[in-house]
Amino acid sequence: MMNTPVPGLVPSPAPQEATLHPQAVQVRANQPADPHAMLGAFEQLLGGYAAGAGTESAEAESAGSEGVEAADPIALVVGTSGSTGTPKRTALTARALAASAAATENFFGSNSDAASQWLLTLPAHYIAGAQVLARSVLAGTAPVIARSVTESVHFSPEVFLQAVQQMNSARRFISLVPTQLHKLLESADADPHLGSEIHEALGSFTGILLGGAPASADLLAVSTTLGLTTVTTYGSAETAGGCVYSGSVLPGMRVELVPEEGMPAVPDIEGKPAQVGRIWISGTHLASGYIGDTARTAEHFFTAANGTRWYRTDDYGRLAPDSNKNCSEQRLQVLGRSDDVLISGGIKISARAVATVLEEHPAVREACVIGLPDARWGTAIAAAVTLVPSIDTVAASTENSPALNEELCTLLRARCTEKLGAPAAPKQLSILPDFPLTSTGKPDRAKIYSILDRDYRQG
């Protein structure tokens, strides 16, 4: 029997095609969308919630978690390509988008009358990109769209700086994936003149929303040293994007952890048992479900007797005290997906935990950890890492400096053994110059899997 955060939850019905607004925006992974056309549609769909027309209504929505009315039409459908399973079409109402935007505005607060302006650097056919456009309409401002979104050019410091120059509001936001921020900061280190421009541009943002993939501790430390207002975001299309910023649950949203069997062991915090469990989320920002997919909607979306709606995520989390001793708030730490729990030699191991330990080493920029089939271990822990440039120039490849790289791999395995136990030490550890990326700039796990599998079989 499934454990739930509150008693009496019943599976929610799946939204149907008939519930779509006639002008609903529908996007699909790996099929580039026209951001200008999306803006026009959002202006029609979100007009009642836009600044000066419905801001108070949107803020009121973000303060509660009542169920979605049957008459509330679907404004945005975010589809997946189905490369990792059956395609799904996540349905979001205008109310959900407005509640999410209001929660973000409330999180950052405001001491001026400046309206929020957004810079789009991510593909518009993913939730983070679509939300930049929706939030621009809700704020009553015109977003700046980077050339890398609409033209056949890659995201670069030059593209970023050109876009920032077009912004005209003192209250400005940007959504990035960690790889993009890495690229900007590494370019700044390599070229002091360009670096001053990059640092000044990044420092001009009221908020830099960093999501899509885990950000390394080193990247966040550098951001803090530079005084950047960088927040890590946790969320998905099902939650209208980020709903937890740097471990803090956004206003109007609720998070509960429900213990389950099969979770990886987590060390106590200051001698006290950690609160660990599957992450459940409630709030007006939730999606209505998956279009026409009754089974999948019933597996993830639930409704209480009072109309409160809940989303059962695929992630495990831990609630821990804030590092600031003067703050009583607990922070959510995402431990990883439930299907990222690897069993090697009968021991449960969190792939996310292994990646975190690897990224704590000063030579490592990013880490990706997966499980490979193995006759002896059942699953062999395998990891790919990229190195920070200062290290990468010395250890450019295993071909040019095999001894140095082998020494680093030995140190990284020893670090995993010390922190997580011997079973967590990667059986295969490959150093790559860069990770292959998806169209959103996230590490392409399928391609990394192929590389690690090849290296493991050849080793």
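The structure presented is a predicted model; accordingly, all values stated were derived computationally and were not measured. (Residues numbered from 1 in each chain as written. Predicted model: local features only at pLDDT ≥ 70, side-chain atom pairs only at ≥ 80, totals over all residues. Heavy atoms only, no water.)

**Observations concerning the packing of aromatic side chains**
This model, assessed by the stated rule, comprises 10 aromatic pairs. When the centroid spacing of 5.3 Å and the interplanar angle of 40° are considered together, the rings of Trp280 and Phe302 count as tilted. One end of the pair, Trp280, is in strand β13 (residues 275-282); the other, Phe302, is in strand β15 (residues 301-303), with 22 residues separating them in the sequence. Like Phe302, Trp280 is buried. One aromatic cluster in this structure is built from Phe107, Phe108, Trp118, Phe173 and Tyr245. The cationic tip of Arg296 hangs over the ring face of Tyr290; the distance from NZ or CZ to the ring centre is 5.9 Å. The residue whose ring lies beneath Lys427 is Trp377, and the NZ or CZ to ring-centre distance is 4.2 Å. (Phe/Tyr/Trp six-rings, centres within 6.5 Å; stacked < 30°, edge-to-face > 60°. Helix = DSSP H or I, 4+ residues; strand = E, 2+ residues; numbered from the N terminus. Buried < 20%, exposed > 50% of the residue type's maximum accessible area, 1.4 Å probe, protein only. Lys NZ or Arg CZ within 6 Å of the ring centre and 35° of its normal.)

**Re the pattern of salt bridges**
By the definition in use, this model includes 16 salt bridges. Ionic pairing is found between Glu17 and Arg89, a salt bridge with its closest N-O pair at 2.5 Å. Within this pair, whereas Glu17 is found in the loop between β1 (10-11) and β2 (20-28), its partner Arg89 is found in strand β4 (residues 89-93), the two being separated by 72 residues in sequence. We classify Arg89 as partly exposed; its relative accessible area is 24%. Two residues, Arg337 and Asp314, come together in a salt bridge whose shortest N-O distance is 3.8 Å. (Salt bridge = Lys/Arg side-chain N within 4 Å of Asp/Glu carboxyl O.)

**Observations concerning the layout of surface pockets**
Quantified by volume, the second largest pocket comes out at close to 750 Å³. Surrounding the second largest pocket, 33 residues form its lining, His154, Phe155, Leu437, Ser439 and Gly441 being those nearest its centre. Every element with two or more residues in the lining of the second largest pocket is listed here: α5 (147-150), α7 (178-190), β20 (364-374) and α12 (389-392). If one sorts the elements of the lining of the second largest pocket by residue count, α7 sits on top with 5 residues. Here the lining of the second largest pocket is built from residues that sort into 14 nonpolar, 13 polar and 6 charged. (1 Å grid on protein atoms, 1.4 Å probe; cavity = no way out; pocket = protein on both sides within 12 Å on 5 of 7 lines; lining within 4 Å. Points joined across faces, edges and corners; volume = space filled by probe spheres on them. Nonpolar A, V, L, I, M, F, W, Y, C, P; charged D, E, K, R; others polar.)

**Brief notes about the sheet that holds β20**
Strand order in this open sheet of 3 strands is β20-β21-β22, and the pairing throughout is mixed. Two strands in the sheet have a free side with no partner beyond their single neighbour: β20 and β22 (428-431). Each adjacent strand pair in this sheet contributes to an overall mean axis angle of 20°, direction not counted. Both strand β21 (residues 378-387) and β22 contribute to a ladder of 4 bridges, which runs parallel. Among the inter-strand pairings, Val385 is bridged to a residue of β22, identified as Ile431. Relative to the sheet, helix α11 (residues 351-359) contacts β20 and β21, its axis offset from that of β20 by approximately 145°. (Pairing = 2+ DSSP bridges. Axes fitted to C-alpha atoms, helices over the stretch in contact; angles between N-to-C directions. Contact = heavy atoms within 4.5 Å.)

**Side note on the environment of Glu360**
Within the element layout of this structure, Glu360 appears in the loop between α11 and β20. Along the primary structure Glu360 and Ala217 are separated by 143 residues, whereas in three dimensions their C-alpha atoms are 6.4 Å apart. Contact partners of Glu360, with chain neighbours within four places excluded, come to Arg415 and Lys419.

**Focus: the environment of Pro5**
Structurally, Pro5 is set in the segment before β1. Classification of Pro5 as partly exposed rests on a relative accessible area of 21%. For Pro5 and Ile279, which are 274 residues apart along the polypeptide, the C-alpha to C-alpha distance reads 9.4 Å. The contact partners of Pro5, leaving out residues within four places of it in the chain, are Glu256, Val258, Trp280 and Trp310.

**Notes on the sheet that holds strand β7 (residues 171-176)**
Strand order across the open sheet formed by 7 strands is β6-β5-β7-β8-β9-β10-β11, with mixed pairing between neighbours. Because the sheet does not close on itself, it has two edges, and the strands there are β6 (144-145) and β11 (248-249). Sheet contacts for helix α6 (residues 157-164): β5 (116-120), β6 and β7; angle to β5, the most-contacted strand, approximately 155°.

**Some remarks on the packing of helix α3 (residues 94-108) against helix α4 (residues 127-139)**
The description of two packed helices rests on the angle between their axes and on the distance between the axes. Running from amino to carboxyl end, α3 crosses α4 at an angle of 80°, the nearest separation of the two axes being 10 Å. Between α3 and α4, the angle falls in the class roughly perpendicular. Along its contact with α3, which presents Leu97, Ala98, Ser100, Ala101 and Thr104, the element α4 presents Gln131, Arg135 and Leu138. Residues of the contact of α3 with α4, tallied by class, amount to 4 nonpolar, 3 polar and 1 charged. (Parallel < 35°, antiparallel > 145°, perpendicular 65-115°, else oblique.)

**Let's talk about a negative patch on the surface**
On the surface, a cluster of negative charge is contributed by Glu158, Asp191, Glu197 and Glu200. By the element assignment, Glu197 lies in helix α8 (residues 192-203). (Patch = residues over 30% accessible without salt bridge, like charges linked within 9 Å, V, L, I, M, F, W, Y side chains within 5 Å. Areas by Shrake-Rupley, 256 points an atom, 1.4 Å probe, with all protein chains shown as cover. Lys, Arg positive; Asp, Glu negative; His and termini not counted. Charge placed at Lys NZ, Arg CZ, Asp CG, Glu CD.)

**What about unusual backbone geometry?**
At Ala240, a position not held by glycine, the phi torsion is positive, near 60°. With a relative accessible area of 0%, Ala240 lands in the buried category. Notably, Ser246 is not glycine yet its phi reads approximately 50°, a positive angle. As for its placement among the helices and strands, Ser246 is situated in the loop between β10 (241-245) and β11. According to the relative accessible area criterion, Ser246 is partly exposed, its value standing at 30%.

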